[in-house]
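Here is what each chain is made of, one letter per residue.
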Amino acid sequence: MRIIVEEDYQSMSKKAALLVAGQVLLKADTVLGLATGSTPLGMYKELVRMYQEGEVDFSAVKTFNLDEYYLLPPDDLQSYHYFMQENFFKHINIRAENIHLPDGMAADIEEECMQYEKAIEASGGIDLQVLGIGENGHIGFNEPAESLNVYTGLVNLTEETIKVNSRFFSSMEEVPQKALTVGMGTILKARRIILLASGEKKAKAIRDTVCGQVTTQVPSSFLQLHPDVTLILDQAAASLIVD
Ligand code: PGA
């Protein structure tokens with residue numbers, strides 16, 4: 001695991017954007033795995049700036065997002081479809097047909113998850129997967145549990161995640177209890193992975209990711225098994241890592 005520690009959120013975001021843009025420069029038809037949440041917002045902003053200044057071109061890029069809430073329509077302000085459009089896609093020259101997110105409204109969820117896996121495979125697989133991390137070590141919505149899903153599937157969110165995510169909703173009751181998420185096996189099949197974390201609240205999860213045992217109770221610890229993972233952290237998130 002490579003670990004890059006940056007001074008603050010802004011320089012962490014810039015470094016992450018540089019790595020994504022570098023990947024797209026090397027391979028114009030890159031397949032990106034993308035994440036939502038507060039953490040990658042700065043990275044998306046920087047990528048939009050780079051696009052506007054002609055430094056990067058997304059016209060051949062394909063994207064697959066990690067997750068979406070179950071039964072939240074794409075135009076819901078809290079849906080990840082909406083998040084991605086507002087914060088990234090509508091500002092760049094990506095083709096609509098190259099954008100993929102799991103459909104939380106699908107009539108047949110099992111079929112939807114299978115098709116999502118097939119679409120990733122048909123695209124040639126994820127070249128670069130961008131990840132955030134939950135305070136509990138979840139990646140995507142792969143929550144700590146006795147066992148983890150290998151493939152894309154419908155999962156129950158933990159109470160902790162519902163509580164943490166309720167900051168975006170008007171009440172706890174409004175937070176969906178389930179989500180579709182790309183599975184751990186699919187994440188670990190990506191050729192390269194970058195994980196972004198910022199702030200003291202993530203320090204324990206980062207310590208467990210880097211220094212802890214590989215355990216389903218900390219899904220991010222499985223990243224230790226991948227040959228090409230880079231953590232991009234700010235100082236607060238890196239503060240509990242021990243040599
Ligand atoms: P955050 O979420 O970036 O909003 O902290 C990360 C996650 O829960 O995976």
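Residues numbered from 1 in each chain as written. Predicted model: local features only at pLDDT ≥ 70, side-chain atom pairs only at ≥ 80, totals over all residues. Heavy atoms only, no water.

A. Representation of the overall build of the protein in the model. If you tally the helices and strands in the protein, you get 8 helices and 10 strands. A principal-axis box enclosing the C-alpha atoms of the protein has dimensions of 40 × 40 × 35 Å. Split into buried and exposed, the 243 residues of the protein put 52% on the buried side. Considering only contacts within the protein whose residues lie at least 6 apart along the sequence, 78% involve residues at least 24 apart. Summed over its atoms, the accessible surface of the protein is roughly 11,300 Å², and 51% of this surface lies on carbon and sulfur atoms. Each charge class in the protein was averaged separately, 20 positive and 34 negative side chains, and the resulting centres sit 5 Å apart. (Helix = DSSP H or I, 4+ residues; strand = E, 2+ residues; numbered from the N terminus. Buried < 20%, exposed > 50% of the residue type's maximum accessible area, 1.4 Å probe, protein only. Contact = heavy atoms within 4.5 Å. Areas by Shrake-Rupley, 256 points an atom, 1.4 Å probe, with all protein chains shown as cover. Lys, Arg positive; Asp, Glu negative; His and termini not counted. Charge placed at Lys NZ, Arg CZ, Asp CG, Glu CD.)

B. Geometry of helix H2 (residues 41-52). Taking 1.5 Å per residue as the helical rise, H2 with its 12 residues ought to reach 16 Å, and the 17 Å between its terminal C-alpha atoms agrees with that figure. What H2 keeps buried is the set Gly 42, Met 43, Tyr 44, Glu 46, Leu 47, Val 48 and Met 50. Packing partners of the buried residues in H2 comprise helix H1 (9-26), strand E2 (31-34), helix H3 (80-87), strand E6 (128-131) and strand E9 (192-197). Backbone geometry just downstream of H2 places Gly 54 in the positive-phi region, at approximately 75°. (Expected span 1.5 Å × (residues − 1).)

C. Region of interest: a nonpolar patch on the surface. A contiguous nonpolar patch, built from Met 1, Ile 3 and Val 5 and spanning about 240 Å² of accessible area, is present on the exposed surface. Here Val 5 shows up in strand E1 (residues 2-6). In this structure Val 5 comes out as partly exposed when scored by relative accessible area, which is 43%. (Patch = residues over 30% accessible without salt bridge, like charges linked within 9 Å, V, L, I, M, F, W, Y side chains within 5 Å. Salt bridge = Lys/Arg side-chain N within 4 Å of Asp/Glu carboxyl O.)

D. Geometry of the pairing of strand E3 (residues 62-65). In this sheet, E3 lies alongside E2 in parallel orientation, the contact comprising 4 bridges. In the strand pairing of E3, Leu 34 is matched with Asn 65. One crossover worth recording links E2 to the parallel E3 by way of H2, and it is right-handed. Here E3 pairs with strand E5 (residues 99-100) via 2 bridges, running parallel. Within E5, the residue paired with Thr 63 across the bridge is Ile 99. (Pairing = 2+ DSSP bridges. Right-handed = clockwise from strand over helix to strand, strands pointing away.)

E. Here's a closer look at the packing of aromatic side chains. Per the counting criterion, the structure on display carries 8 aromatic pairs. Both rings, one in Phe 58 and one in Phe 88, keep their centres 5.5 Å apart while their planes meet at 85°; by these two values the pair is edge-to-face. Of the two residues, Phe 58 sits in the loop between H2 and E3 while Phe 88 sits in the loop between H3 and E5, which places them 30 residues apart along the sequence. Accessibility expressed as a relative area gives 1% for Phe 58, which makes it buried. Three or more aromatic residues joined by ring pairs form one cluster here, namely Tyr 44, Phe 58, Phe 88 and Phe 89. (Phe/Tyr/Trp six-rings, centres within 6.5 Å; stacked < 30°, edge-to-face > 60°.)

F. Inspection of the nonpolar core at higher detail. Among the nonpolar cores identified, the biggest contains 39 residues, and Met 43, Leu 47, Phe 58, Phe 88 and Phe 89 are the most heavily contacted of them. For this core, the elements supplying multiple residues, two or more each, are H1, E2, H2, H3, E6 and E9. The element that contributes the greatest number of residues to this core is H1, accounting for 6 residues. Excluding residues that lie within four positions of it along the chain, Phe 88 makes contacts with Leu 34, Tyr 44, Leu 47, Val 48, Phe 58 and Phe 83. In terms of nonpolar packing, the next biggest core, distinct from the first, is built from 27 residues, Ala 35, Leu 131, Ala 237 and Ala 238 among them. (Core = buried A, V, L, I, M, F, W, Y, C linked by side-chain atoms within 4.5 Å.)

G. Inspection of the sheet that holds strand E8 (residues 178-181) at higher detail. The 3 strands lie next to each other as E4-E8-E7, forming an open sheet whose pairing is antiparallel. In this open sheet, the two strands that pair with only one neighbour each are strand E4 (67-69) and strand E7 (153-156). The mean inter-strand angle of the sheet, taken between neighbouring strand axes irrespective of direction, is 30°. (Axes fitted to C-alpha atoms, helices over the stretch in contact; angles between N-to-C directions.)

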